[in-house]
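As a plain string of letters, each chain reads:
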Amino acid sequence: MRRPFFASFVLPNVKAVTVTLVIVMQLLCLSKLQAEPVKVDAVEAEMIADVDAIVPGQAFTIGLRLRHDSGWHTYWSNPGDSGLPTQFKLTMPKQFSAGDIAWPRPSRFLIPPLANLGYDREVLLTRVVTVPPDLAGRSVTIDALAQWLVCREVCIPGETNLSLTLPVAALGAAPREGSHAWFFKDAARQVPVGPAQVTVARRDKMLQIHVPIKLAAMAIGAGASTRRIEFFARDIETVRHAP
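A. Geometry of the sheet that holds strand S5 (residues 43-49). Judged by pairing direction, the sheet is antiparallel, and its five strands sit side by side in the order S4-S5-S6-S12-S9 without closing on themselves. Two strands close off the open sheet at either side, each with one partner strand: strand S4 (38-40) and strand S9 (97-98). Summarising the sheet, strand S6 (residues 60-68) and strand S12 (residues 122-130) pair through eight bridges and their orientation is antiparallel. Each residue of the ladder has a partner; that of Phe 60, found in S12, is Val 129. Strand contacts of helix H1 (residues 181-189): S5, S6 and S12, with the helix running at about 95° to S12, the strand carrying the most contacts.

Given below as structure tokens:
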């Protein structure tokens, strides 16, 4: 809730009487309405956006933010030797559309004899939403069904319904970054870009991957001390992930 606004008014036809009114500024139609994060077993789920308001005709990004309890993980688009990828299904007004999930690079979880790919701690899975240019109304509500499999020594399927309401700005207005914009920027830096010019050759049961020096330097990062580059197959049936 915003802080109260105090104003003094002089009532007409009443001499020397001043009344102080307290106006509580709860402009719900002009502010983002966001449900609280939902905790399901070992995962806290939340739907957020990178803007404070939707501008007609201008795309924005919406995200499923997952926070994992210590030691637990959910899965990448290719979960590895076992597991299921997280689902993030949106229900939006007509003429709205959403792109595919942008998957940040995963981590590798070794649970002998299996090797799985996914996320622990915190991750943001994003989708770009296209907005119609003739959008009318004061606000738009987007609903989502999030489904995942979270694992440690055991695995627990989870799901929850999420909802996010954003106000509609005037046509041609400059988009305003929301309070979560920094998180979206950080997630975007972790999403693979491509296609990359690499050479892959099969040697018996092994894949030999040749990476150009310039591309390797970009992957490692300027000034980074590490010299380790990991390979993650996008397609589930490409490789067996366990050593």
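After presenting the structure, the write-up continues.
B. Structural context of the environment of Ile 101. With respect to the helices, strands and loops of the structure, Ile 101 is situated in the loop between S9 and strand S10 (107-111). Separated by 14 residues in the primary sequence, Ile 101 and Gln 87 place their C-alpha atoms 8.8 Å from one another. Residue contacts for Ile 101: discarding those within four places in its chain leaves Thr 86, Phe 88, Leu 125, Thr 126 and Arg 127.

C. Region of the structure containing the sheet that holds strand S7 (residues 74-80). What the three strands build is an open sheet, ordered S7-S11-S10; its pairing is antiparallel. With one partner strand each, in any of the chains shown, S7 and S10 form the two edges of the open sheet. On average, each strand axis in the sheet is tilted by 45° relative to the strand beside it, whichever way the strands run. Pairing of S7 with strand S11 (residues 114-119), which is carried by three bridges, proceeds in the antiparallel orientation. From the neighbouring strand, Thr 74 faces S11, where its bridge partner is Tyr 119.

D. Main features of the nonpolar core. Core analysis: the biggest nonpolar cluster contains 36 residues, and Met 47, Phe 60, Ile 62, Phe 88 and Trp 148 have the highest contact counts within it. Mapped onto this core, the elements with two or more residues apiece are S5, S6, strand S8 (87-91), S11, S12, strand S13 (139-151) and strand S14 (155-167). Sorting elements by how many residues they give to this core places S13 first, with six residues. Core analysis: the next-biggest nonpolar cluster, separate from the first, contains five residues, Ile 48, Leu 124, Phe 183 and Ala 187 among them.

E. A look at the layout of surface pockets. One number sums up the size of the second largest pocket: a volume of about 220 Å³. Taken together, 14 residues make up the lining of the second largest pocket; nearest its centre are Arg 105, Tyr 119, Glu 122, Val 123 and Gln 190. Those elements that provide at least two residues to the lining of the second largest pocket are S11, S12 and H1.

F. Region of interest: the state of the cysteines. A full pass over the atoms with the stated rule returns one disulfide. Two residues share a disulfide in this structure: Cys 151 and Cys 155, whose sulfurs sit 2.0 Å from each other. One quick way to see it: the torsion about the S-S bond of Cys 151 and Cys 155 is about 115°, and its sign makes the bridge right-handed. Owing to a relative accessible area of 1%, Cys 151 belongs among the buried residues under this scheme.

G. Representation of the confidence of the model for the protein chain within the structure. Overall, the predicted model of the protein chain reaches an average pLDDT of 78, with 71% of residues at or above 70. Taking the mean pLDDT of every element in the protein chain, the minimum, 32, falls on strand S2 (residues 18-23) and the maximum, 96, on S12. Per-residue pLDDT stays below 50 along residues 1-33; that stretch engages in 40 contacts with residues further than four places along the chain or on separate chains.

About the cut-offs
Residues numbered from 1 in each chain as written. Predicted model: local features only at pLDDT ≥ 70, side-chain atom pairs only at ≥ 80, totals over all residues. Heavy atoms only, no water. Pairing = 2+ DSSP bridges. Helix = DSSP H or I, 4+ residues; strand = E, 2+ residues; numbered from the N terminus. Contact = heavy atoms within 4.5 Å. Axes fitted to C-alpha atoms, helices over the stretch in contact; angles between N-to-C directions. Core = buried A, V, L, I, M, F, W, Y, C linked by side-chain atoms within 4.5 Å. Buried < 20%, exposed > 50% of the residue type's maximum accessible area, 1.4 Å probe, protein only. 1 Å grid on protein atoms, 1.4 Å probe; cavity = no way out; pocket = protein on both sides within 12 Å on 5 of 7 lines; lining within 4 Å. Points joined across faces, edges and corners; volume = space filled by probe spheres on them. Disulfide = S-S within 2.5 Å. pLDDT = per-residue confidence, 0-100.

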